[in-house]
Protein chains: 2
Amino acid sequence: MEEKCISKAVIKRLPRYYRYLGELIEEGVERISSNELSEKMRVTASQIRQDLNNFGGFGQQGYGYNVPYLYEEIGKILGLDKTHHMIIVGAGNLGQALANYVKFEKRGFKIVGIFDVNPVLKGISIRGNEIRMMDELPQFLKEQDVEIATLTLPKNNAAETADLLVKNGIRAIWNFAHLDLDVPKDVIVENVHLSESLMRLSYNLNCYENEHEKK
Amino acid sequence: MEEKCISKAVIKRLPRYYRYLGELIEEGVERISSNELSEKMRVTASQIRQDLNNFGGFGQQGYGYNVPYLYEEIGKILGLDKTHHMIIVGAGNLGQALANYVKFEKRGFKIVGIFDVNPVLKGISIRGNEIRMMDELPQFLKEQDVEIATLTLPKNNAAETADLLVKNGIRAIWNFAHLDLDVPKDVIVENVHLSESLMRLSYNLNCYENEHEKK
DNA sequence: TAGATTGTTAATCGATTAACAATC
DNA sequence: TAGATTGTTAATCGATTAACAATC
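About the thresholds
- Residues numbered from 1 in each chain as written.
- Chains lettered and ligands numbered in written order.
- Predicted model: local features only at pLDDT ≥ 70, side-chain atom pairs only at ≥ 80, totals over all residues.
- Heavy atoms only, no water.
- Least-squares fit on C-alpha atoms with pLDDT ≥ 70 in both.
- Pairing = 2+ DSSP bridges.
- Helix = DSSP H or I, 4+ residues; strand = E, 2+ residues; numbered from the N terminus.
- Contact = heavy atoms within 4.5 Å.
- Buried area = accessible area lost by both parts, 1.4 Å probe.
- Salt bridge = Lys/Arg side-chain N within 4 Å of Asp/Glu carboxyl O.
- UniProt positions renumbered as here; feature names shortened; annotations may be inferred.
- Near = heavy atom within 4 Å.
- Polar contact = N/O pair within 3.5 Å; in protein donor to acceptor, adjacent residues only side chain to side chain.
- Nonpolar A, V, L, I, M, F, W, Y, C, P; charged D, E, K, R; others polar.
- Buried < 20%, exposed > 50% of the residue type's maximum accessible area, 1.4 Å probe, protein only.
- Arc of directions from axis to C-beta.

Time to look at the relation of the copies chain A and chain B. Mapping chain A onto chain B leaves a residual RMSD of 0.0 Å; the transformation is a rotation of 180° accompanied by 0.0 Å of translation along its axis. Interpreted geometrically, this transformation is the action of a two-fold axis.

To continue, consider the sheet that holds strand β9 (residues 172-175) of chain A. All names here are of chain A. Overall, mixed pairing links the 7 strands, which are arranged β6-β7-β5-β4-β8-β9-β10 in an open sheet. Each edge of the open sheet carries a strand with a single partner, namely β6 (125-126) and β10 (188-191). Judged from the 2 bridges that link them, β6 and strand β7 (residues 129-133) form a sheet pairing that is antiparallel. In the strand pairing of β7, S125 is matched with E130.

This paragraph deals with the interface of chain A and chain B. Chain A puts 71 residues into the contact, and the matching count from chain B is 71 residues. Here chain A packs against chain B, burying approximately 6,400 Å² in sum over the two surfaces, 60% of which is carbon and sulfur. Three residues, L198, M199 and Y203 of chain A, lead the burial of chain A against chain B; their summed loss comes to 12% of the area buried on that side. Summed over the shared surface of chain A and chain B, the result is 12 salt bridges. For D180 of chain B, the salt bridge identified is with R16 of chain A, shortest N-O distance 2.9 Å.

A word on the UniProt feature "domain: CoA-binding" (unreviewed entry) in chain A. The feature "domain: CoA-binding" (unreviewed entry), as given by UniProt, occupies residues 79-180 of chain A in the numbering adopted here. End C-alpha atoms of residues 79-180 of chain A are separated by 25 Å, and the span's content is 28% helix alongside 28% strand.

In this section: the environment of F176 of chain A. When you line up the elements, F176 of chain A lands in the loop between β9 and β10. C-alpha separation for the pair F176 of chain A and N191 of chain A, spaced 15 residues apart in sequence, amounts to 6.2 Å. Sequence-distant contacts of F176 of chain A, defined by excluding residues within four places in its chain, comprise L94, L98, T150, L151, T152 and V192 of chain A together with L194 of chain B.

Let's shift gears to the protein's contact with DNA strand D. As a structural note, the neighbourhood of DNA strand D is formed by 26 residues, with S46 and Q50 of chain A together with S34, R49 and Y65 of chain B the closest of them. For DNA strand D, the backbone portion of the atoms within 4 Å of the protein, that is sugar and phosphate, comes to 57%. In the environment of DNA strand D, a sugar or linking oxygen lies 3.0 Å from a nitrogen or oxygen atom belonging to the backbone of G62 of chain B. Y65 of chain B is positioned with one of its side-chain polar atoms (N or O) 2.8 Å from a phosphate oxygen of DNA strand D. When residues in the surface near DNA strand D are grouped by element, the largest group, 4 residues, is from helix α3 (residues 45-52) of chain A. For the surface near DNA strand D, a count of residues per class yields 4 nonpolar, 18 polar and 4 charged.

A word on α3 of chain A. Residue and element names in this part refer to chain A. Three or more residues of α3 are buried, namely A45, I48, D51 and L52. Down the axis of α3, the smallest arc covering the buried residues is 130°, so these residues share one side. Looking at the buried side of α3, the elements it contacts are α1 (8-26), α2 (34-41), β3 (64-66) and α4 (67-77).

A separate point is the protein's contact with DNA strand C. In the vicinity of DNA strand C lie 26 residues, with S34, R49 and Y65 of chain A together with S46 and Q50 of chain B positioned nearest. Within 4 Å of the protein, the atoms of DNA strand C are drawn from sugar and phosphate moieties in a proportion of 58%. Within the backbone of F58 of chain A, one N or O atom sits 3.3 Å away from a phosphate oxygen of DNA strand C. A distance of 2.9 Å is found between a sugar or linking oxygen of DNA strand C and a side-chain nitrogen or oxygen belonging to Q60 of chain B. Elements with a minimum of two residues in the surface near DNA strand C: α3, β2 (59-60) and β3 of chain A together with α1 (8-26) and α3 (45-52) of chain B. Ranked by residues supplied to the surface near DNA strand C, first place goes to α3 of chain B with 4 residues. For the surface near DNA strand C, the per-class residue count stands at 4 nonpolar, 18 polar and 4 charged.

Tallying each qualifying case throughout the model produces 20 salt bridges over all chains. Where D182 of chain B meets R42 of chain A, a salt bridge forms, and the shortest distance between an N and an O atom there is 3.9 Å. Taken together, the residues D182 of chain B in the loop between β9 (172-175) and β10 (188-191) and R42 of chain A in the loop between α2 and α3 connect one chain to another. Across the salt bridge formed by E23 of chain B and K155 of chain A, the nearest N and O atoms sit 3.2 Å from each other. With E23 of chain B in helix α1 and K155 of chain A in the loop between β8 (148-151) and α8 (158-167), the pair connects residues from two separate chains. Residue classification places K155 of chain A among the partly exposed residues on the basis of a relative accessible area of 34%. Ionic contacts of the salt-bridge type, sharing partners, join the residues R16 and R19 of chain A together with D180 and E196 of chain B into one network.

This part covers the UniProt feature "binding site: NAD(+)" (unreviewed entry) in chain A. Here the UniProt feature "binding site: NAD(+)" (unreviewed entry) sits at G90, A91, G92, N93, L94 and G95 of chain A. For A91 of chain A, the contacting residues outside a window of four places in its chain are Q96, I114, F115, D116, L121 and I131 of chain A. Along the chain, N93 of chain A turns up in helix α5 (residues 93-100). With sequence-adjacent residues up to four places away left out, N93 of chain A is seen in contact with A97 and N100 of chain B.

Following this line, the structure appears as structure tokens:
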């Protein structure tokens, strides 16, 4: 149990540590020092040690870190040792793509329902989940224990759908809609704004060009 | 033309400003002060002014900012006044979903080709683009002027595909594969690691629970 | 024990916020 | 002109890096 919620900057880096450790395990690496890991990941060794020590001492002086142990501990911190039930709200292209993505389940994120307003989609099955109509949603959430809702809807009805989800007990929203959701502070929102990501890429293209022109 | 590339923290916020300004335009708002905008966006007015002044003075003392003007200027900074040709490499669920997404084109990101290794997909048309096989890619890139490649492939052949793209003149990669690409420093990489996003959400769920238990 | 490497404190760096003079 | 609000400098805060004592 952590003492308190840790700075966002650190949390942002945790999944990347987890990924690299997973790869090291696959390569059969048993132990690693912060220095070796820092070279692999291109961050400072200092940052690695500082980050990890937010959660307690996972290493051993003179030895380094035990890879499988550290992997598991970070997994626990990220809550990957538990199963999270998830629904997808909005079964358009993106919603369906996410529903088809197998790896989420391997990490403990189990899709238990898919919803849409479009009657054309009703009953279509995606990896064992039939697409349901939105009016079934409140009843569904009463019967099932669902923590996370993935919001893959057009912006215009995303806000009211988020309200509905919160009202029916959803604890976290993975938001792909292009707006900032206004939810009670005990509801987690994690945004994935693809168009903003693409704009940043575009900026960097632009920026590099300008840098170059001057030379 | 900017003097130099600006801090990442600022760039990360630009698309959000752009989005809010776009909404204000739709509402018919002509001018806005940093204070009004700060309330809407829940950031400090100081930050808004500081951010914008990285690119020059867009406002006017005693008046505030002209909304359509500021919107256009930020658009220019983000390179949204130009058309960017883009290909999608990897026509799985996610690749196809992105190919179907209409809004990118509205922002100047035009998809001009879709590629995959799977012969089953060959010739399938998505919004006017037929899926091509990967071996056609080098020739395609010679004939067409493509800046951006969206990488929606499984991790295992993402690295070599990135090399191939770079070798054939791609200037930016929008990377959805779960690995860090190793490219020359003049090639832009913008990562979208969905599973990492989901892990952060999971952490926050976890963290909040622990906070609560203690009470 | 000697060597290695962590955990942790102190120093530096960068980003955010506050304050206010400039000016529309 | 007086009021409002920016642009910008200075102060604060937080995050990163460096250094080193603790210890395996």
